[in-house]
Amino acid sequence: MPVWLEAGLWGLLGGSALLIGAAIAWIVELPQRLVAAVMAIGSGVLISAVAFDLMDEAFARGGLDSTAAGFVGGAALYTLGNLWLSRRGARHRKRSGSERTEAQPQASEGGGAAIALGALLDGIPESIVIGISLIGGAGVSTTVVVAVFLSNIPEGLSSAAGMKKAGRSAAYVFGVWGAIALASGIAALLGNLLLAGASADGVALITAVAAGAILAMLVDTMIPEATENTHEYTGLIAVAGFLAAFWLSKAG
């Protein structure tokens, strides 16, 4: 199997968690604390991936200058995109409870599209990283794939629940999340295909850009939502996710 196709399939696997989350939300209504706990675990796993997989890899390839520039640039790009989407109805796209629909009443109008674009903004850097991890014959980063999968489940769950409450049809909800899962696979495929011949500095820069965007996303969206529902336990749950991902990266 071509490496670029393998990258696309791994990216699709990570994105498929959005569909799984949406399906769960459509069938049952889970306790908000459970969804937030999964989000806290995903946050810890992603923080570990950013620190020990992405930033270490970027530094090893391109040194401090490329890594620092990409890291700050990725965070800035994410923040600008998030600001634009927040003003169009996607500010609370990761909310998991009834307060989400109260805070975002426009979900039944233009907010649905903004939520979908927000999911793309959150997921594309993660998918590109999956594709990059396969460059040079190295196996896929299991830590990153697990982190992406865990972070996508509560996003698909909470956003689909909000869309359902807003009156969206099943065809609309699953069409949106299916398209985003497919886009995740394409992003991973392109990340591998387009960067396979790039210089070490170029790969380091893109990896650091993705790392900065992921960390900004965590602080702006996932961690506040997890904290709102798990309160004093958020840190402990996130530490468990971090430790699990750290062990996974060292065991591999």
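Each value, and the rule that gives it
- Residues numbered from 1 in each chain as written.
- Predicted model: local features only at pLDDT ≥ 70, side-chain atom pairs only at ≥ 80, totals over all residues.
- Heavy atoms only, no water.
- Helix = DSSP H or I, 4+ residues; strand = E, 2+ residues; numbered from the N terminus.
- Buried < 20%, exposed > 50% of the residue type's maximum accessible area, 1.4 Å probe, protein only.
- Contact = heavy atoms within 4.5 Å.
- Areas by Shrake-Rupley, 256 points an atom, 1.4 Å probe, with all protein chains shown as cover.
- Core = buried A, V, L, I, M, F, W, Y, C linked by side-chain atoms within 4.5 Å.
- Expected span 1.5 Å × (residues − 1).
- Bend = angle between axes of the 7 residues up to and from the residue.
- pLDDT = per-residue confidence, 0-100.
- Patch = residues over 30% accessible without salt bridge, like charges linked within 9 Å, V, L, I, M, F, W, Y side chains within 5 Å.
- Salt bridge = Lys/Arg side-chain N within 4 Å of Asp/Glu carboxyl O.
- Polar contact = N/O pair within 3.5 Å; in protein donor to acceptor, adjacent residues only side chain to side chain.

By the naming in an unreviewed UniProt entry, the protein chain is ZIP family zinc transporter, taken from Sphingomonas desiccabilis.

Colleague: I'd like a rundown of the overall build of the protein chain, residues and numbers included.
Modeller: Helix and strand content of the protein chain: 8 helices and 0 strands. For the protein chain, the N- to C-terminal ordering of α and β elements is α-α-α-α-α-α-α-α. Out of the 252 residues in the protein chain, the part that is buried amounts to 48%. Here the contacts in the protein chain between residues at least 6 apart in sequence split such that 85% fall between residues at least 24 apart. Per element, the accessible surface of the protein chain, about 10800 Å² overall, is 70% carbon and sulfur.

Colleague: Kindly report on the nonpolar core, identifying the contributing residues and their values.
Modeller: Within the largest apolar cluster, 28 residues are counted, with the highest numbers of intra-cluster contacts made by Leu46, Leu54, Ile130, Val144, Ile214 and Met222. For this core, the secondary-structure elements that each account for two or more residues are α2 (32-90), α4 (111-132), α5 (142-165) and α7 (200-230). With 9 residues, α7 is the largest single contributor of residues to this core. In this structure Leu46 touches Glu126, Ala147, Val148, Ser151, Ile214, Met217, Leu218 and Met222, once residues within four positions along its chain are discounted. If you look at the next biggest cluster of nonpolar residues, it comprises 13 residues, including Ala25, Val35, Ala160 and Ala161.

Colleague: Give me the lowdown on helix α1 (residues 3-27), citing residues and values where you can.
Modeller: Along its 25 residues, α1 runs 36 Å from first to last C-alpha, staying within 8% of the 36 Å computed at 1.5 Å per residue. The largest bend in α1 comes to about 25°, at Gly14. Looking only at α1, the buried set comprises Ala7, Gly8, Gly11, Gly14, Gly15, Ser16, Ala17, Leu18, Gly21, Ala22 and Ala25.

Colleague: How would you explain the environment of Ser158 if you had to name every residue and give the values?
Modeller: Structurally, Ser158 is set in helix α5. Along the primary structure Ser158 and Gln32 are separated by 126 residues, whereas in three dimensions their C-alpha atoms are 9.1 Å apart.

Colleague: Now, about the confidence of the model for the protein chain: what can you tell me, with residues and values included?
Modeller: Confidence in the prediction of the protein chain, expressed as mean pLDDT, is 83, and 88% of residues score 70 or more. Within the protein chain, helix α3 (residues 98-103) has the poorest average pLDDT of any element, 45, and α1 the best, 91. Here residues 98-110 scores under 50 on pLDDT; set against residues more than four positions off or in separate chains, the count is 34 contacts.

Colleague: Give a description of α5 that names residues and reports values.
Modeller: With 24 residues, α5 should reach 34 Å at 1.5 Å per residue; the first-to-last C-alpha distance of 35 Å fits that figure. With 18 of 24 residues buried, α5 lies mostly within the body of the structure. The positive-phi residue at the C-terminal boundary of α5 is Gly167, with phi of around 95°.

Colleague: An account of a nonpolar patch on the surface is needed here, citing residue identities and associated values.
Modeller: Judged by side-chain polarity, Met1, Trp4, Leu5, Leu9, Leu12, Leu182, Ile186, Leu190, Leu193 and Leu194 come together as a nonpolar surface patch covering roughly 950 Å² of accessible area. Listing elements by their share of the nonpolar patch, those giving two or more residues are α1 and α6 (170-195). The element that contributes the greatest number of residues to the nonpolar patch is α6, accounting for 5 residues. Looking at the element boundaries, Leu5 is found in helix α1. Since its relative accessible area comes to 33%, Leu5 is described here as partly exposed.

Colleague: Just give me the short version of the pattern of salt bridges, but keep the residues and values in it.
Modeller: Enumeration according to the criterion identifies 1 salt bridge in this entry. Two residues, Glu57 and Arg61, come together in a salt bridge whose shortest N-O distance is 2.5 Å. Note that Glu57 and Arg61 are positioned in helix α2 at a spacing of 4 residues, about one turn of the helix. Using a relative accessible area of 27% as the deciding quantity, one classes Arg61 as partly exposed.

Colleague: Can you explain the side chain of Thr230? Please cite residues and give values.
Modeller: Here Thr230 shows up in helix α7. What makes Thr230 buried here is its relative accessible area of 6%. In terms of polar contacts, Thr230 uses its side chain to reach the backbone carbonyl oxygen of Ala226, at 2.6 Å. When sequence neighbours within four positions are dropped, the list of residues in contact with Thr230 reads Arg33, Ala36, Ala37 and Ile237.

Colleague: If you had to explain the environment of Gly81 to someone new, which residues and values would you point to?
Modeller: With respect to the helices and strands, Gly81 occurs in helix α2. Taking relative accessible area as the criterion, Gly81 reaches 21% and is therefore assigned partly exposed. Along the sequence, Gly81 and Leu117 sit 36 residues apart, while their C-alpha atoms lie 9.6 Å from each other.

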